[in-house]
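The primary structure of each chain is shown beneath.
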Amino acid sequence: MTRLLDVENLTLQFKTDEGLITAIDDVSFSLDAGEVMGLVGESGSGKSVTAKSLMLLNPSNAVYGPDSKITLHLDDGPVDVMALAKAKSKDKRVIRGGAISMIFQEPMASFAPAISIGNQMVEQLLIHTDMNAKQATELSIEMLDRVGISDPSSRFKQYAFELSGGMRQRAMIAMALSTKPKLLIADEPTTALDVTIQAQVIDLMKDLVKEFGMGIVFITHDLGVIAQTADKVAVMYLSRVIERGPVRDVIRNPSHPYTKGLLAALPSLDDLDTPLQAIPGDIPSPLERPTGCVFNTRCSAKIGDICSAEIPDFININANHTAACHLYSEATS
Ligand SMILES: Nc1ncnc2c1ncn2[C@@H]1O[C@H](COP(=O)(O)OP(=O)(O)OP(=O)(O)O)[C@@H](O)[C@H]1O
Ligand code: SF4
Ligand SMILES: [Mg+2]
């Protein structure tokens, strides 16, 4: 497989009136072309901020750590994304709607209110591809059709506010996919959709991965959706990745106590009598991050002072499957 993306030691803090908020702490992962990586974790764990970093879309109060490195490997050679932070907006086009497209959690954010859906789709294609207006119109209508929008030629002329939430989400997916990006970042793309449409959109994404060899970073709370969609998964908790590996391995053999907790909290259709087990306690405020392992204030497997004193390193569970937890470093030392 061809490497598409390397994220190394990504760290990001927000300057706020209350102090510095660490939203991403030393996060590393990679993605090959044609691969789908799921990014999971509870609300506030840093998934969206990580996704926006790949396109340098975080607001101006964001401060990146000096060792943060994001490399996008394109046919013409590697692109150093962090180096584009100071570039003119024209030069950022490669990561904004060109090689990378993003489907946002909130579809209204993607559409300008006073321009029709179709005109926005066409405009984007004219900027990022060498299509003429007729070709761009045809492709846009075809993409609206492929995401399951009925009567796409009429929808093409409508404005975002005229569509229902689910329809808007699908139109945004159509727009993001129409430029055939190398990397698609999908931030909770199916949360607002009913299950039938959700399955349809997931199938569409899988088809496009095959058709264009696109890489996808798929963000969700829902481990069930990840199991259906992703090849590999990274689990985030309070700004850090704590476990990563091939999706089946991680789901069948979760190793970090937090991942085990997330899986135990999922309902099982085979066994509706077993009560669900929520992870006890709340995620600490990002202003009061625990020392040592970020999960130590909620972990029922905590093994002692080392958990609150030292940040655990990633330990290999088996090939490509790693977890950052002292349980394993203790076992191997
Ligand atoms: N512009 C900002 N200024 C200050 N803090 C921010 C900003 N954007 C995000 N944060 C903080 O960064 C942390 C990570 O937020 P993020 O939106 O990435 O979470 P998430 O994992 O996507 O959660 P959710 O599942 O709810 O979407 C949170 O503590 C959030 O409050
Ligand atoms: S390092 Fe300690 S506190 Fe953290 S998950 Fe492992 S056992 Fe629990
Ligand atoms: Mg989010």
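Before going into details, it helps to say that this report is about the structure given with it. (Residues numbered from 1 in each chain as written. Chains lettered and ligands numbered in written order. Predicted model: local features only at pLDDT ≥ 70, side-chain atom pairs only at ≥ 80, totals over all residues.)

Within soluble globular proteins, side chains that are nonpolar tend to cluster in buried spots. With 82 residues, the main nonpolar core has M37, I185, V217, F218 and V235 as its most contacted residues. Ranked by the residues each element gives to this core, the list is headed by helix α5 (residues 165-178), at eight residues. Taken domain by domain, this core gets at least three of its residues from each of domain 1 (108-180) and domain 2 (259-332). Aside from chain neighbours lying at most four places away, what touches V217 is L31, M37, L39, A51 and I185. (Core = buried A, V, L, I, M, F, W, Y, C linked by C-beta atoms within 7 Å. Buried ≥ 20, exposed ≤ 12 C-beta atoms within 10 Å, placed from the backbone. Helix = DSSP H or I, 4+ residues; strand = E, 2+ residues; numbered from the N terminus. Domains from an automatic or database assignment. Contact = placed C-beta atoms within 7 Å.)

Moving on to the sheet that holds strand β8 (residues 183-187). Either a parallel or an antiparallel arrangement is found when strands of a sheet pair, and the pairing is made through backbone hydrogen bonds. Ordered by their spatial adjacency, eight strands build an open sheet running β7-β8-β9-β3-β10-β11-β13-β12, and the pairing between neighbours is mixed. For this open sheet the edge positions go to β7 (100-103) and β12 (314-318), each flanked by a neighbour on one side alone. Along the sheet, successive strands turn relative to each other by an average axial angle of 20 degrees, direction set aside. Pairing geometry for strand β10 (residues 232-237) and strand β11 (residues 240-246), over six bridges, is antiparallel. Among the inter-strand pairings, Y237 is bridged to a residue of β11, identified as R240. This element, α5, spans β7 and β8 of the sheet and lies at about 175 degrees to β7. (Pairing = 2+ DSSP bridges. Axes fitted to C-alpha atoms, helices over the stretch in contact; angles between N-to-C directions.)

Quick look at the site of ligand 1 now. Taken together, the neighbourhood of ligand 1 is formed by 17 residues, with F14, A23, S43, S48 and V49 sitting nearest. Contributing elements (two or more residues each) for the shell around ligand 1: β1 (3-16), β2 (19-32) and α1 (47-54). The element best represented in the shell around ligand 1 is α1, accounting for three residues. Among the residues forming the shell around ligand 1, the class breakdown is six nonpolar, ten polar and one charged. (Near = placed C-beta within 6 Å. Nonpolar A, V, L, I, M, F, W, Y, C, P; charged D, E, K, R; others polar.)

The contact between helix α3 (residues 133-146) and α5 brings their axes to 9 Å, and the two run at 130 degrees. With respect to each other, α3 and α5 are oriented oblique. At the point where α3 passes α5, the crossing takes the right-handed sense. Where α3 abuts α5, its residues L139, S140, M143, L144 and R146 lie against A171, A174, L177 and S178. Here the contact of α3 with α5 is composed, by residue class, of six nonpolar, two polar and one charged. (Parallel < 35°, antiparallel > 145°, perpendicular 65-115°, else oblique. Left-handed = near helix turned anticlockwise from the far one by under 90°.)

One face of the sheet, then the other: side chains in a regular strand alternate in exactly this way. The sheet contact formed by β1 and β2 spans ten bridges and is antiparallel. Opposite Q13, over in β2, you have T22 as the bridge partner. Between the end of β1 and the start of β2, which pair antiparallel, lie two residues. Looking at chain direction, β1 and strand β5 (residues 69-74) are connected through four bridges and run antiparallel. The partner of D6 across the bridge, within β5, is T71. Summarising the sheet, β1 and strand β4 (residues 62-64) pair through three bridges and their orientation is antiparallel. Counted as the bridge partner of F14 is A62 from β4.

To continue, consider the site of ligand 2. Around ligand 2 there are 14 residues in total, and C293, N296, C299, C307 and C325 lie nearest to it. Grouping the constituent residues of the shell around ligand 2 by class yields ten nonpolar, three polar and one charged.

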